[in-house]
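Listed below, chain by chain, are the residues.
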Amino acid sequence: MSIAVCPGSFDPVTLGHLDVVRRGAELFDEVVVAVATHAGKAPLLSLDERVALLERAVADLATVRVAVVPGLLVDFCTQVGATVLLKGLRGGGDYDAELPMAWMNRHLSGVETLFLPAGRQVSHIASSLVKDVARHGGRIEDLVPDGVAEAVMARLGATRSGD
Ligand code: PNS
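Residues numbered from 1 in each chain as written. Predicted model: local features only at pLDDT ≥ 70, side-chain atom pairs only at ≥ 80, totals over all residues. Heavy atoms only, no water.

Caption draft 1: Here's a closer look at the overall build of the protein. Assigned secondary structure in the protein consists of six helices and five strands. The N-to-C order of helical and strand elements in the protein reads β-α-β-α-β-α-β-α-β-α-α. Its C-alpha atoms give the protein a radius of gyration of 15 Å, within 12% of the compact-globule value 15 Å for 163 residues. Overall size of the protein, expressed as C-alpha extent along the three principal axes, is 45 × 30 × 30 Å. (Helix = DSSP H or I, 4+ residues; strand = E, 2+ residues; numbered from the N terminus. Rg over C-alpha atoms; globule rule 2.2 N^0.38 Å.)

Next up, the structure:
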């Protein structure tokens, strides 16, 4: 059985992430969407919120599940029996950021990273840009799966009011 792990911070999940997950589900028997911690990035949404939004976004995909990575990503891959990490690439900037991680993960455990080119319709969508647009009052509904825009706006409102 072929199992791929699709890792990320998913802060928040976007239609770009979903495109990679959906295409991965066509290539592998099972895809585990893995919510992990990115050192140096303070997330806007809580871990529980990110997991819940992802679960809603992949609810129609029978061979996809969502899990939390408690430590090293490669240890999680071993735990779930995955030999491949699945990542989307929007352009050269992503490639430069992803390549050292792919090498490091292979060094640590032999796990390979498979890069899928981002779909043309979603190649401009990044979680960081989505949050920036939302912070400045722009519309993000057509950049993210259902329920995400509301969660982001609620969290931004709570942050502004000091919650
Ligand atoms: O969506 P992101 O923030 O680009 O995803 C990066 C992420 C979370 C996949 C990466 O930081 C990660 O793998 N974190 C888990 C801890 C780990 O294994 N670090 C070593 C990575 S080479």
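From this point, the discussion proceeds with the structure in view.
Caption draft 2: Fine view of the site of the ligand. In the vicinity of the ligand lie 14 residues, with Ser9, Thr37, His38, Lys41 and Leu73 positioned nearest. Take histidine 38: an N or O atom from its side chain is 2.8 Å from an oxygen atom of the ligand. Computed on the free molecule, the ligand has an accessible area of 540 Å², of which 80% lies beneath the protein chains in the complex. Judged by its atoms lying within 2 Å of the grid points, the ligand is housed in the largest pocket. For the shell around the ligand, the secondary-structure elements that each account for two or more residues are β1 (3–8) and α4 (92–109). Of all the elements, α4 adds the most residues to the shell around the ligand, at three residues. (Near = heavy atom within 4 Å. Polar contact = N/O pair within 3.5 Å; in protein donor to acceptor, adjacent residues only side chain to side chain. Areas by Shrake-Rupley, 256 points an atom, 1.4 Å probe, with all protein chains shown as cover. 1 Å grid on protein atoms, 1.4 Å probe; cavity = no way out; pocket = protein on both sides within 12 Å on 5 of 7 lines; lining within 4 Å. Sits in = over half its atoms within 2 Å of the grid points.)

Caption draft 3: Highlighting the layout of surface pockets. Of the volumes computed, that of the largest pocket is approximately 1200 Å³. The wall of the largest pocket is formed by 45 residues, among which Gly8, Ser9, His38, Lys87 and Glu98 lie closest to the centre. Those elements that place two or more of their residues in the lining of the largest pocket are β1, α1 (15–27), β4 (84–89), α4, β5 (112–117) and α5 (127–135). Among the elements that take part in the lining of the largest pocket, α4 stands out by supplying nine residues, more than any other. (Points joined across faces, edges and corners; volume = space filled by probe spheres on them.)

Caption draft 4: Geometry of a nonpolar patch on the surface. On the surface, Leu72, Met104 and Leu108 cluster together into a nonpolar patch covering about 280 Å² of accessible area. Its place among the elements puts leucine 72 in the loop between β3 (64–68) and α3 (73–80). (Patch = residues over 30% accessible without salt bridge, like charges linked within 9 Å, V, L, I, M, F, W, Y side chains within 5 Å. Salt bridge = Lys/Arg side-chain N within 4 Å of Asp/Glu carboxyl O.)

Caption draft 5: The arrangement of α4 in detail. Compared with the 26 Å implied by 1.5 Å per residue over 18 residues, the 26 Å span of α4 between its first and last C-alpha is a close match. Bending of α4 peaks at approximately 30 degrees at the position of glutamate 98, with proline proline 100 no more than four residues after it. For α4, the set of buried residues is Asp94, Glu98, Leu99, Ala102 and Asn105. Where α4 ends, the next residue or the one after it, glycine 110, has phi of about 85 degrees, a positive value. (Expected span 1.5 Å × (residues − 1). Bend = angle between axes of the 7 residues up to and from the residue. Buried < 20%, exposed > 50% of the residue type's maximum accessible area, 1.4 Å probe, protein only.)

Caption draft 6: Focus on the sheet that holds strand β2 (residues 30–35). What the five strands build is an open sheet, ordered β3-β2-β1-β4-β5; its pairing is parallel. Either end of the sheet is taken by a strand with one partner, and the two such strands are β3 and β5. Neighbour-to-neighbour, the strand axes of this sheet turn through a mean angle of 30 degrees, independent of strand direction. Where β2 and β3 come together, five bridges link them in parallel fashion. Looking at the pairing, valine 31 lines up with valine 64 of β3. Packing against the sheet, α1 makes contact with β1, β2, β3, β4 and β5, and its axis sits at approximately 120 degrees to β5. Packing of α3 onto the sheet brings it into contact with β1, β2, β3 and β4, and relative to β1 it is tilted by some 150 degrees. (Pairing = 2+ DSSP bridges. Axes fitted to C-alpha atoms, helices over the stretch in contact; angles between N-to-C directions. Contact = heavy atoms within 4.5 Å.)

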